[in-house]
Amino acid sequence: MTVSAYGVPQERAPLEHMKIDRRETRPNDVRIDILYCGVCHTDIHFGHNDWGMTEFPLVPGHEIVGRVTETGSDVTRFKEGDLVGVGCLVDSCGHCGSCKDGDEQYCENGAVQTYNSPDPVSGGMTMGGYSTSVTVVEDFVLKVSEKLDTKAVAPLLCAGITTYSPLRHWNVKKGDKVGVIGLGGLGHMGIKLAAAMGAEVVMITRSADKAEDAKRLGADSVLLSGDENAMAAAAGSFDFLLNTIPVKHDVNPYLTLLKKDATMTIVGSIDGTDELFGGNLVFGRRSLAGSLIGGIAETQEMLDFCAEHGVVPDVEMIDIGDINDAWKRVQSSDVKYRFVIDMQSLKAQAA
């Protein structure tokens, strides 16, 4: 089945309209008419081949919300018309230790990413959600509550689960003091989710002008990381730190904020850090950790939690024709806090 999409035809090229093939529906497949797709900075990294692993042509997009249009004969959890989501994963081996634990994102045989992964069914590479339709195996399709603002749900499938998973894994609970480092697409979700969990949330930033917005999002207070006196006063007071800074940086000042046995988890940067002073870990038995997205079950849990607590990202809606400008704006941090593409604009363009 041929569908319309927007993608990068070759390295260093802008996104453009193209046609791609989607597989016919197998017995355990769900075909989805895409309504909205979020724009993630990872899309841009792959589009620009920043990590040297992109196969072109590339159709990005792993924050997908749509409605079911067809189900295979063996599908039991979904029916035509259901509101559903697809995140960063569309398959995994299903039998390794990580998959059996429900951590498909860490599949030891290589999880199948929503785009730019070898497609085990159709061959070639997977193509993402900057398109009108997608076909996904039932086990990797998620239920989306009609209670949520459908237009704003898409970024939950990446930014939402990326911040929810570590908060849950390190058992953040009511009354804990949680610091969210960096206010962007991930940071603003970290604030909202930690606040919904009942934590005392402190936004940690170098920018004083972000204080008002941080409090609007749910932060109880703001700590300026460049204020040495304020950082010293806060030393040893945090139960958990969620570090969303997307680039290489010095983690040492933040580690001193942790209580004994507390953890800082990195979710924003996959680059190296500046030299780590071991004393910041040894004196206090502190931990420095990392976290990716969550598995399918945890992602469903996150969506249900957000529906229960009315949590959605702050989004700016765009038409598909604005996607190249949107990518430039993401790179210059000119968005509060995630772009979402209205896929009706692609359907209209293709008509």
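Here we summarise the structure given alongside this text.

Calculation criteria
- Residues numbered from 1 in each chain as written.
- Predicted model: local features only at pLDDT ≥ 70, side-chain atom pairs only at ≥ 80, totals over all residues.
- Heavy atoms only, no water.
- Helix = DSSP H or I, 4+ residues; strand = E, 2+ residues; numbered from the N terminus.
- Rg over C-alpha atoms; globule rule 2.2 N^0.38 Å.
- Buried < 20%, exposed > 50% of the residue type's maximum accessible area, 1.4 Å probe, protein only.
- Phe/Tyr/Trp six-rings, centres within 6.5 Å; stacked < 30°, edge-to-face > 60°.
- Lys NZ or Arg CZ within 6 Å of the ring centre and 35° of its normal.
- Disulfide = S-S within 2.5 Å.
- Pairing = 2+ DSSP bridges.
- Patch = residues over 30% accessible without salt bridge, like charges linked within 9 Å, V, L, I, M, F, W, Y side chains within 5 Å.
- Areas by Shrake-Rupley, 256 points an atom, 1.4 Å probe, with all protein chains shown as cover.
- Salt bridge = Lys/Arg side-chain N within 4 Å of Asp/Glu carboxyl O.
- Core = buried A, V, L, I, M, F, W, Y, C linked by side-chain atoms within 4.5 Å.
- Axes fitted to C-alpha atoms, helices over the stretch in contact; angles between N-to-C directions.
- Contact = heavy atoms within 4.5 Å.

Along the backbone of the protein chain there are 12 helices and 17 strands. Its C-alpha radius of gyration of 20 Å places the protein chain within 12% of the 20 Å reference for a compact globule of 351 residues. Once the C-alpha set of the protein chain is aligned to its principal axes, its extents read approximately 60 × 40 × 40 Å. Of all 351 residues assigned to the protein chain, the portion counted as buried reaches 55%.

As a further point, take the packing of aromatic side chains. Within this structure, the stated rule accounts for 4 aromatic pairs. With 5.4 Å between their ring centres and 90 degrees between their planes, F46 and W51 make a pair best called edge-to-face. We classify W51 as partly exposed; its relative accessible area is 32%. Both rings, one in F46 and one in Y115, keep their centres 5.5 Å apart while their planes meet at 85 degrees; by these two values the pair is edge-to-face. On the criterion of sequence distance, the pair formed by F46 in helix α1 (residues 41-47) and Y115 in the loop between β7 (112-113) and β8 (133-137) is long-range, its members being 69 residues apart. Accessibility classification places F46 together with Y115 in one group, the buried group. Grouped by ring-pair contacts, the aromatic residues F46, W51 and Y115 constitute a single cluster. The ring of F238 carries K177 above its face, with NZ or CZ at 4.5 Å from the centroid.

In this section: the state of the cysteines. Any covalent bond linking the sulfur atoms of two cysteines counts as a disulfide. Evaluated as defined, the whole model comprises 0 disulfides. Just so you know, C107 is unpaired, no disulfide at all, and the nearest cysteine sulfur is the one on C93, 3.6 Å from it. Looking at C107, the relative accessible area reads 9%, which means it is buried. Of all cysteine sulfurs in the structure, the one in C158 sits closest to C306, which takes part in no disulfide; the separation is 13 Å.

A few words on the pairing of strand β14 (residues 258-266). Looking down a regular strand, the side chains alternate between one sheet face and the other. Looking at chain direction, strand β13 (residues 238-243) and β14 are connected through 5 bridges and run parallel. Residue pairing in the sheet places L242 in a bridge with T265 of β14. As paired strands, β14 and strand β15 (residues 287-290) are joined by 4 bridges and run parallel to one another. From the neighbouring strand, I266 faces β15, where its bridge partner is G290.

This part covers a nonpolar patch on the surface. Together, W51, M53 and I270 give the surface a local cluster of nonpolar side chains, amounting to about 330 Å² of exposed area. Here W51 is to be found in the loop between α1 and β4 (64-71).

Grouped together as the largest cluster of nonpolar side chains are 94 residues, with contacts concentrated most on Y130, I191 and I323. A total of 7 residues in this core trace back to one element, the largest contributor, which is strand β3 (residues 29-39). If you look at the next biggest cluster of nonpolar residues, it comprises 17 residues, including V202, F238, V251 and A262.

What follows is about the sheet that holds β14. Strand order in the open sheet made by the 6 strands is β12-β11-β10-β13-β14-β15, with parallel pairing throughout. Either end of the sheet is taken by a strand with one partner, and the two such strands are β12 (221-224) and β15. Neighbour-to-neighbour, the strand axes of this sheet turn through a mean angle of 25 degrees, independent of strand direction. Seen against the sheet, helix α4 (residues 159-169) touches β10 (177-181), β13 and β14 and runs at an angle of roughly 155 degrees to β13.

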